[in-house]
Amino acid sequence: MRLSPVTSKILLSLSALASGAIAVLAFSPFGYWPLVIPSLLGLYALLDKATPKQAAWRGFGYAMGLFLPGLWWIHVSMTEFGGIPLPVAFVLLAGLSAYLALYPTLACWIFARFFGGRHWSRWLLAFPALWLVADWLRGWVMTGFPWLWFGYSQIDGPLKGFAPILGVQGITLALLLSASAIWLVWKSRSPLWLAVPALLVAGAHGLMQLNWVTRGEPVKVALVQGNIAQSLKWDPEALAPTVRTYQDLSRENQDADIIIWPESAIPAIEKAMGPYLENLDKAMKVNDTGLLAGIIHYDEQQQRFYNTVLGMGVQDADGKESYFYNHSNRYNKYHLLPIGEFVPFEDLLRPIAPFFNLPMSSFSRGDEVQPNLIAKGLKFAAAICYEIIFPEEVRRNVNADTDFLLTVSNDAWFGTSIGPWQHMEIARMRALELARPLLRDTNTGITIVTESDGSIIGQIPQFEAGVLRSEVRPAHGETPYLRFGSWPLYGLTVLLLGLALALRPKAHPWAREL
């Protein structure tokens, strides 16, 4: 039975949405990482023989299927803490997803417009390169939002070995090349294309056997998870009980070399807490312990607020340094979360709803590159919450002699949703890229310690007050990604696009088609 054009368009649109939604299951907490491949194959089937207009619409549908369910967790902060009704939150999230979908849409339009025909190069060269460019643009324009890059889903998959060489997007490229080769098997009926994913898996496995760093002696760490309800976080009457919770949990772990408190664990202005912080510093020194703790800093001269992590207790290896107000052993968050930490067009947006006027949503940015935090003579490259998702920014703060990656966060904003799991998965990828153990301390979870390959060696349950104890060895050295960043991958992407343009059948009518 022949379908009407309207019915056919609806079915194709639903197929695009479904293909995109399948990919969400590849990410944490589901972890079905192989599903990226059938998801991409569904998109390829929709783009095959499509006109540029059709390709754009189907690419948009695919991206909406990926982003709307994949980012639905954001609504928790809107509805539970921002005073926005659920239907309005749905509209806002649909708008965000539609904006993010514009980048894959553009990639699909360019693919169909400039890389038509049936030549193998359009799938194996052009499409992977265009998708990477779209991802990079999405992660950069208007401060960027590089969430749900496909490479993150492979942190436990067989292609993870490319991360220390090319970063997470090197894994994304390997996925795209694998999916394209499998698609070419179907199109050409030639199994020889299966050599591409086979070689990629073998290559990634071989790269994982390489050792990029040297390791030090084990360090005893204690990551404190206070489990403070978000509704109490900024309540002045809850300040004393909150600080007491962290103190009590830390007191039980005084034998640790380093104790870590999460983002804004001390929910107050640093200067107002001066006497308390000085006493805390002395108490930690008595126990020969270093402390890294989140707090809010207010610069009175510049009249600016900063989301800060302080180093206290035993800081330098000799234990001679002491805490004092505005001392240098601190990290100020650089990449701020839109709406949550700063509000664009705030004069217009803040009066609309409480969501645009959340507590502590007027922060200023710290420097892009800052010295490592020091605790007990060890160096920590810090990232606070959201900024861990920006690989190049994290990389720029890691040196050859950096011992650990540290990320502190408060994911209580997103409740029991999948958001904190995706966030944790991204943080694990930073450990793999940079070959550094990762200490991730959060208010309500997911608090973890990883090895330098991103594998989890310690974790405590969400929504429980507790302390994660672990022994982990520091790491020194440089991965190729740490040394060169994304530049090799940028060059490879340009090369793929150049070859795809040169091999187009329209450019060379004699080129062999499928």
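As recorded in an unreviewed UniProt entry, the protein goes by Apolipoprotein N-acyltransferase and comes from Aeromonas veronii. The Sequence similarities (unreviewed entry) field of the UniProt record for the protein holds the comment "Belongs to the CN hydrolase family. Apolipoprotein N-acyltransferase subfamily." Turning to the protein, the UniProt annotation filed under Subcellular location (unreviewed entry) states: "Cell membrane".

**Student:** Quick question: what am I supposed to make of the layout of surface pockets here?
**Tutor:** It is the rolling of a water-molecule-sized probe over the atoms that shows where space remains empty. Space inside the second largest pocket adds up to approximately 500 Å³. Forming the walls of the second largest pocket are 25 residues, and the residues nearest its centre are G139, W140, F390, E392 and E393. When contributions to the lining of the second largest pocket are tallied by element, the ones reaching two or more residues are α8 (168-188) and α13 (391-395). Classifying every residue of the lining of the second largest pocket by side-chain character gives 13 nonpolar, 6 polar and 6 charged. Three or more residues apiece are contributed to the lining of the second largest pocket by two domains, here domain 1 (5-211 + 493-503) and domain 2 (214-478).

**Student:** What is the right way to look at helix α6 (residues 121-138) in this model?
**Tutor:** In an α-helix there are 3.6 residues to a turn, and that puts residues three or four apart on one side. The end-to-end C-alpha distance of α6 is 25 Å, a good match for the 26 Å that 18 residues give at a rise of 1.5 Å each. At F127, α6 shows its largest bend, some 30°, and a proline, P128, comes one to four positions later.

**Student:** What am I meant to see in the sheet that holds strand β2 (residues 219-225) here?
**Tutor:** Sheet strands pair by backbone hydrogen bonding; their relative direction is either parallel or antiparallel. Pairing within the open sheet is mixed, and its 6 strands lie in the order β6-β5-β4-β3-β2-β13. Only two strands of the sheet have a single partner each, and these edge strands are β6 (330-332) and β13 (466-472). In this sheet, adjacent strand axes meet at a mean angle of 25° when their direction is disregarded. Summarising the sheet, strand β5 (residues 304-313) and β6 pair through 3 bridges and their orientation is antiparallel. Bridge pairing links T308 to N332 in β6.

**Student:** What is the right way to read the pairing of strand β12 (residues 456-459) from this model?
**Tutor:** Looking down a regular strand, the side chains alternate between one sheet face and the other. Pairing of strand β11 (residues 448-450) with β12, which is carried by 3 bridges, proceeds in the antiparallel orientation. From the neighbouring strand, T450 faces β12, where its bridge partner is I456. Linking β11 back to β12 in an antiparallel pair, the connection comprises 5 residues, with G454 at a positive phi of about 85°.

**Student:** How should I be thinking about the packing of helix α1 (residues 5-24) against helix α3 (residues 52-70) in this particular structure?
**Tutor:** In a packed pair of helices, the relevant descriptors are the angle between the two axes and the axis-to-axis distance. Following both chains from N to C, one finds α1 and α3 inclined at 40°, their axes separated by 7 Å at the closest point. Viewed along their axes, α1 and α3 adopt a mutual orientation that is oblique. For the crossing formed where α1 meets α3, the hand is right-handed. For the pair α1 and α3, contact is made by K9, L12, S13, A16, L17, S19, G20, A21, A23 and V24 and by W57, R58, G61, Y62, M64, G65, L66, P69 and G70, respectively. Considering only residue class, the contact of α1 with α3 consists of 11 nonpolar, 6 polar and 2 charged.

**Student:** What is the right way to look at the pattern of salt bridges in this model?
**Tutor:** Once the charged atoms of two side chains with opposite charge are near each other, the side chains can pair. Enumeration over the complete set of coordinates arrives at 17 salt bridges. R395 serves as the salt-bridge partner of E392, at 3.1 Å between the closest nitrogen and oxygen. With E392 and R395 both in helix α13, this residue pair falls 3 residues apart, about one helical turn. On the basis of relative accessibility, which here comes to 16%, the residue E392 falls in the buried class. Overall, R395 belongs to the buried group, its relative accessible area being 13%. Its salt-bridge partner being R430, residue E433 comes within 2.7 Å of it at the nearest N-O pair. Residue E433 and its partner R430 are both found in helix α14 (residues 419-434); the two are separated by 3 residues, about one turn of the helix. The residues E433 and R430 share a single accessibility class, namely buried.

**Student:** Explain unusual backbone geometry here, please?
**Tutor:** Both trends apply: most residues other than glycine have a negative phi, and most peptide bonds are in trans. Cis geometry marks the peptide bond from S28 to P29, where omega comes out at 10°. Checked against the element boundaries, P29 lands in the loop between α1 and α2 (36-47). A cis amide bond links G445 with the next residue in sequence, I446, at an omega value of 20°. Mapped onto the secondary structure, I446 falls in the loop between β10 (438-442) and β11. Look at F463: it is not a glycine, yet its phi comes out positive at around 60°. Position of F463 among the secondary structure elements: in the loop between β12 and β13. On the basis of relative accessibility, which here comes to 33%, the residue F463 falls in the partly exposed class.

**Student:** Mind showing me how you'd approach the domain arrangement of the protein here?
**Tutor:** The figure often quoted for interface size is the accessible area lost as the parts come together. Looking at the assigned domains, one finds that the protein contains domain 1 (5-211 + 493-503) and domain 2 (214-478). Between the C-alpha centres of domain 1 and domain 2 there is a distance of 32 Å. Across the contact, 35 residues belong to domain 1 and 31 residues belong to domain 2. With both sides pooled, the region where domain 1 packs onto domain 2 buries about 2,900 Å², and carbon together with sulfur makes up 71% of that total. Counting every contact that joins domain 1 to domain 2 gives 1 salt bridge. Across the pair R428 and D156 runs a salt bridge, and its minimum N-O distance is 2.8 Å. Linking domain 1 with domain 2 are 11 residue pairs in polar contact (both at pLDDT 80 or more). Of all the secondary-structure elements, those providing two or more residues to the side of domain 1 that touches domain 2 are α3, α4 (75-81), α7 (163-166) and α8. Of the residues forming the side of domain 1 that touches domain 2, the biggest block, 4 residues, is contributed by α4.

What counts and what doesn't
Residues numbered from 1 in each chain as written. Predicted model: local features only at pLDDT ≥ 70, side-chain atom pairs only at ≥ 80, totals over all residues. Heavy atoms only, no water. UniProt positions renumbered as here; feature names shortened; annotations may be inferred. 1 Å grid on protein atoms, 1.4 Å probe; cavity = no way out; pocket = protein on both sides within 12 Å on 5 of 7 lines; lining within 4 Å. Points joined across faces, edges and corners; volume = space filled by probe spheres on them. Helix = DSSP H or I, 4+ residues; strand = E, 2+ residues; numbered from the N terminus. Nonpolar A, V, L, I, M, F, W, Y, C, P; charged D, E, K, R; others polar. Domains from an automatic or database assignment. Expected span 1.5 Å × (residues − 1). Bend = angle between axes of the 7 residues up to and from the residue. Pairing = 2+ DSSP bridges. Axes fitted to C-alpha atoms, helices over the stretch in contact; angles between N-to-C directions. Parallel < 35°, antiparallel > 145°, perpendicular 65-115°, else oblique. Left-handed = near helix turned anticlockwise from the far one by under 90°. Contact = heavy atoms within 4.5 Å. Salt bridge = Lys/Arg side-chain N within 4 Å of Asp/Glu carboxyl O. Buried < 20%, exposed > 50% of the residue type's maximum accessible area, 1.4 Å probe, protein only. Buried area = accessible area lost by both parts, 1.4 Å probe. Polar contact = N/O pair within 3.5 Å; in protein donor to acceptor, adjacent residues only side chain to side chain.

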